[in-house]
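# Examination of the molecular architecture
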Amino acid sequence: MRSLILSAAALALIATPALAQDPGANVYGSVGYSQMDAEGFNLGAVTARVGTRFTPNLGVEGELSFGLGDDSGSLGGSPVNAELEYDASVYGVAYLPVSPNFELFGRVGYGKNEIKFSDTTGSLTVDDESWNYGVGAQYSFDGQNGIRGDWTRRDFQDGGEADVWSLNFVRKF
């Protein structure tokens, strides 16, 4: 699955310049901050996305996040630190325009992440895959630049879940 996600992300990055030259294409990129609440650990991350719309209401996007530090907590009664190494996901997105500058959206996808846990005796890196779903809203300032806020739930295959809140600057090409 890791190779599938990385292949999809690479394809999106390679296709973006070609799509950007087509005046009918609706390609966008975003960068911002995400906060993941995973089993009591609050992990911040820088998040970048690239996507395209096939119609005004349907599109696809890839997402990649890297952690910005660690958080202390406990696992099994023992104190540990947790740090997000990365989170990569691919989504199908449905849009609902509310006005020319404002729209709501929902997204469903699949992802993979890696979190490093450490304590006084050493560290352990855990990777897991998840089914993801969420909702959000986007406001366009001038047709090319905007801001986006969203919430995404990650249901991990090995058990557990995480809620991710994100705020991003969006640029359409």
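Here's what I pulled together on the structure shown here. What you see is a predicted model, and the numbers here were worked out from it, not measured in a lab.

## Thoughts on empty space enclosed by the protein
As enumerated under the stated definition, the model contains three cavities of 30 Å³ or more in all. The space that makes up the largest cavity amounts to roughly 70 Å³. As for the largest cavity, its lining consists of Ser34, Met36, Leu43, Ala45, Thr47, Arg49, Glu63, Ser65, Leu84, Asp87, Arg154 and Val164. Of all the elements in the fold, those that place two or more residues in the lining of the largest cavity are strand S1 (26-38), strand S2 (41-53), strand S3 (58-67) and strand S5 (78-97). With four residues, S2 is the single largest residue contributor to the lining of the largest cavity. Among the residues forming the lining of the largest cavity, the class breakdown is five nonpolar, three polar and four charged.

## Here we look at the pairing of S3
Each regular strand shows side chains that alternate between the opposite faces of the sheet. Relative to S3, S2 runs antiparallel, the two sharing nine bridges. If you follow threonine 52 over to S3, its bridge partner there is valine 60. Note: S3 against S5, eight bridges, orientation antiparallel. Of the residues in S5, the one forming a bridge with valine 60 is glycine 92.

Quick notes on the rules
- Residue numbers here run from 1 along each chain, matching the order of that chain's written sequence.
- Side-chain atom pairs in this predicted model are given and counted only at pLDDT of 80 or more, local residue features only at pLDDT of at least 70, and totals for whole chains, interfaces and linings cover all residues.
- To obtain the side-chain values, all non-hydrogen atoms of the structure were used and water was disregarded.
- Using a grid of 1 Å spacing that covers the protein atoms alone, one calls a set of points a cavity when a 1.4 Å probe fits there but cannot get out, and a pocket when the set is open and has protein on both sides within 12 Å along at least five of seven lines; lining residues are those with an atom within 4 Å of a point.
- Grid points are joined across faces, edges and corners, and a volume is the space filled by probe spheres set on the points.
- Put simply, DSSP H or I for four residues or longer makes a helix, DSSP E for two residues or longer makes a strand, and each gets a number counted from the N terminus.
- Here the term charged refers only to Asp, Glu, Lys and Arg, the term nonpolar to Ala, Val, Leu, Ile, Met, Phe, Trp, Tyr, Cys and Pro, and the term polar to all other amino acids, Gly among them.
- Strands are labelled as partners when DSSP assigns at least two bridges between them.

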